[in-house]
Amino acid sequence: MKKIFAVILSISLIMGLAACAGKAEVPSKKDVQKEVEKEYDMDFKLDSKDIANDESEAEWVFISKDGTLEVTVTWSADDPDEFDFDEEYIGTDVIEPVPTVVPDPSIDTQTNGFKIGVSMPTKDLQRWNQDGDYIASQLEALGYEVDLQYAANDVATQVAQIENMINSGCDVLIIAAIESSSLNTTLEEAEALNITVIAYDRLLMESDTVDYYITFDNYTLGQMQGDYIADALELYKNPGPFYIEITAGDPGDNNAFLFYQGAMDALSYYIDNGQLVVVSGQTDFEDVATDAWKTDSAQTRAEQIIDLYYSDGTQIDAWLCSNDSTALGVENALAANYTGPYPIITGQDCDIANIKNMLDGKQAMSMFKDTRNLAYQAVVMADEILSGQVVEVNDTVTYDNGSIVVPTYLCYPVVVDINNYYEILIDSGYYTEYDLGL
Ligand code: BGC
């Protein structure tokens, strides 16, 4: 729906214009944004601006920070006290899986002089290396300058790296945070310089300066892990009891709780009715979380659990692990300290070491998050922002970071197990047979 109307400029702005001798000056982006925000009582971001060479006319397009409204403002020096506002609601509920494609470098985009900062948490995990490489190479193929940094899982290092990106003139920041709430002051510095911030994979919490979020549907991913265990144990017909343990992710990572919550929502019915028994009794997130998603920490905790609760020969039927690095820790602990058959172990990321374990019967499944797609969406989004196009999102209601609802582009994860790994991982070109030791 479109609505077009005119607004008389505020007194201060009129005075500002009147102060200029002779010809009226084009109002500043800041002043125009103020008018738009006053009119709609919402926060906006500049999407594009177009000023005539002789400065007699100007047009700005603003998008509301929740991604639902686009306002085009036009101004003419013939009637400098008036803005024309043209508003259009653009929020969309359409959620569709993303195709695997790479940007076409021959597409003519205005990349001249723009620089994009890409801040990844660590090089320790296979996935972040892939994400970083995909994003940087695709942006570079489009002609952008890229500053890609890895922060060694250290918050102070990530803050310093992002500050450096801000000071060295980056126009867009793509950030996968180590701790979801530790970058607020840094983000304010970015906001003050009109730098657009995209939260990548992990939502940046408690900050109203996050512009967009790109992620996989994390809660659903957890549910799919829980459902996989329920199906594999055929809980719909087997009364059990089956014995299960739980290993979750880093408490500083907002995703970790969503994965856990999704999985627990899928399993709690069976835990409550006794079909599933958590022998250690450790079910609360704080008890099952793993600092920094470390394989070693997950292994140490798993060794303690095996020693304390399963050394009498009790069989472990399932072990819910939120991702592959923690699953690997649990698998190492089982290899060294447990003689029963491997439990149904879940994971996520389809790391090479874990898929090899899957082929050896040591891990039942992993959630495949095609980082090519996530990276591609980040590249598309940065390009849309910098070339003044409307930024495409497919969820404008779910991702409340405690301060604002962040407009989000959601991608969808896929279950991978022994039955479909070849098709999903090798046929799609994600891995070669050689990568997996086949
Ligand atoms: C990501 C997972 C990853 C984990 C550890 C999470 O935020 O979504 O894919 O396994 O961090 O790096």
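Because the structure is predicted, anything quoted here is derived from the model rather than measured.

What counts, and at which threshold
- Residues numbered from 1 in each chain as written.
- Predicted model: local features only at pLDDT ≥ 70, side-chain atom pairs only at ≥ 80, totals over all residues.
- Helix = DSSP H or I, 4+ residues; strand = E, 2+ residues; numbered from the N terminus.
- Buried ≥ 20, exposed ≤ 12 C-beta atoms within 10 Å, placed from the backbone.
- Contact = placed C-beta atoms within 7 Å.
- Near = placed C-beta within 6 Å.
- Nonpolar A, V, L, I, M, F, W, Y, C, P; charged D, E, K, R; others polar.
- Domains from an automatic or database assignment.
- pLDDT = per-residue confidence, 0-100.
- Pairing = 2+ DSSP bridges.
- Axes fitted to C-alpha atoms, helices over the stretch in contact; angles between N-to-C directions.
- Right-handed = clockwise from strand over helix to strand, strands pointing away.
- Core = buried A, V, L, I, M, F, W, Y, C linked by C-beta atoms within 7 Å.
- Expected span 1.5 Å × (residues − 1).
- Arc of directions from axis to C-beta.
- Parallel < 35°, antiparallel > 145°, perpendicular 65-115°, else oblique.
- Left-handed = near helix turned anticlockwise from the far one by under 90°.

Caption draft 1: Representation of the overall build of the protein. Helix and strand counts for the protein come out as 13 helices and 17 strands. Counting every position in the protein, which comprises 438 residues, the buried fraction comes to 45%. Of the contacts formed within the protein by residues at least 6 apart in sequence, a portion of 70% connects residues at least 24 apart.

Caption draft 2: View of the environment of serine 366. By the element assignment, serine 366 lies in strand 15 (residues 365-368). With 51 residues separating them in the primary sequence, serine 366 and aspartate 417 have C-alpha atoms 6.6 Å apart.

Caption draft 3: A look at the site of the ligand. Contacts to the ligand come from Leu125, Arg127, Asp201, Arg202, Gly249, Asp253, Asn255, Trp293, Asn323, Gln348, Asp349 and Lys369. Here the residues of the shell around the ligand are counted per class, giving two nonpolar, four polar and six charged. There are two domains that each give the shell around the ligand at least three residues, and those are domain 2 (109-216 + 370-412) and domain 3 (218-348).

Caption draft 4: Quick look at the confidence of the model for the protein. Per-residue confidence for the protein averages 88 on the pLDDT scale, and 88% of its residues sit at or above 70. Low pLDDT, under 50, characterises residues 11-21; the stretch is placed with eight contacts to residues that sit more than four places away or in other chains. Low pLDDT (under 50) marks residues 91-102, which in the prediction has 19 contacts with non-local residues, meaning those over four places away or in another chain.

Caption draft 5: Here's a closer look at the sheet that holds strand 11 (residues 242-247). On the basis of which strands lie adjacent, the open sheet formed by four strands has the order 12-11-13-14 and parallel pairing. Either end of the sheet is taken by a strand with one partner, and the two such strands are strand 12 (276-278) and strand 14 (344-345). Sheet analysis places strand 13 (residues 318-321) next to strand 14, joined by two bridges and oriented parallel. Across the sheet, the residue bridging to alanine 318 is isoleucine 344, located in strand 14. Across the sheet, helix 10 (residues 324-337) touches strand 11, strand 13 and strand 14, and the angle it forms with strand 13 is around 150°.

Caption draft 6: Seen up close, the pairing of strand 11. Extensive coverage of strand 11 is indicated by the burial of six of its six residues. Taking the sense of rotation as the criterion, the β-α-β connection linking strand 11, helix 7 (residues 254-272) and strand 12 turns out right-handed. The pairing of strand 11 with strand 13 spans four bridges and is classified as parallel. The partner of isoleucine 244 across the bridge, within strand 13, is alanine 318.

Caption draft 7: Structural context of the nonpolar core. With 119 residues, the main nonpolar core has Leu173, Ile174, Ile175, Ile198, Ala378 and Ala382 as its most contacted residues. It is helix 12 (residues 371-386) that provides the largest number of residues to this core, a total of ten residues. Ignoring any residue separated from it by four or fewer positions in sequence, one finds alanine 378 in contact with Ile135, Ile174, Ile198, Tyr200 and Ile214.

Caption draft 8: Helix 4 (residues 155-167), seen in detail. The terminal C-alpha atoms of helix 4, which comprises 13 residues, lie 18 Å apart, in line with the 18 Å expected from a rise of 1.5 Å per residue. What helix 4 keeps buried is the set Gln158, Gln161, Ile162 and Met165. Within helix 4, the buried residues cover an arc of 95° as seen down the axis, which keeps them to one side. Every exposed residue of helix 4 that faces more than 90 degrees away from the buried side is listed here: Ala156 and Asn167.

Caption draft 9: Spotlight on unusual backbone geometry. Backbone torsion omega between glycine 240 and proline 241 reads 0°, so that peptide bond is classified as cis. Its place among the elements puts proline 241 in the loop between helix 6 (218-232) and strand 11. At glutamate 234, a residue that is not glycine, the phi angle is positive and equals roughly 50°. Examined against the element boundaries, glutamate 234 turns out to sit in the loop between helix 6 and strand 11. Notably, cysteine 350 is not glycine yet its phi reads approximately 55°, a positive angle. Tracing the backbone shows cysteine 350 in the loop between strand 14 and helix 11 (352-359). When the 26 C-beta atoms within 10 Å are taken as the criterion, cysteine 350 is described as buried.

Caption draft 10: Up close: helix 7. End to end, helix 7 covers 26 Å across 19 residues, agreeing with the expected 27 Å (1.5 Å per residue, within 8%). Among the residues of helix 7, Asn254, Asn255, Ala256, Phe257, Leu258, Phe259, Tyr260, Gly262, Ala263, Met264, Leu267 and Tyr270 are the ones counted as buried. Tucked into the core, helix 7 has its buried residues touching helix 6, strand 12, helix 8 (285-288) and strand 13.

Caption draft 11: Quick look at the packing of helix 9 (residues 295-310) against helix 10. Axis separation between helix 9 and helix 10 bottoms out at 7 Å; the angle between their running directions is 40°. Judged on the interaxial angle alone, helix 10 and helix 9 are oblique. Helix 9 and helix 10 meet at a crossing whose hand is right-handed. In this structure, helix 9 contributes Thr295, Asp296, Ser297, Ala298, Gln299, Ala302, Glu303, Ile306 and Asp307 to the contact, and helix 10 contributes Ser325, Thr326, Leu328, Gly329, Val330, Asn332, Ala333 and Asn337. Residue composition of the contact of helix 9 with helix 10, by class: six nonpolar, eight polar and three charged.

Caption draft 12: Representation of the sheet that holds strand 6 (residues 115-120). Taken in spatial order, the six strands line up as 7-6-8-9-10-16 in an open sheet, and their pairing is parallel. Every interior strand has two partners, whereas the edge strands, strand 7 (145-150) and strand 16 (408-411), have only one. Between one strand and the next, the sheet's axes are offset by a mean angle of 15°, whatever the strand orientation. Relative to strand 8 (residues 172-175), strand 6 is paired through four bridges, and the arrangement is parallel. Across the sheet, isoleucine 116 pairs through a bridge with valine 172, a residue of strand 8.

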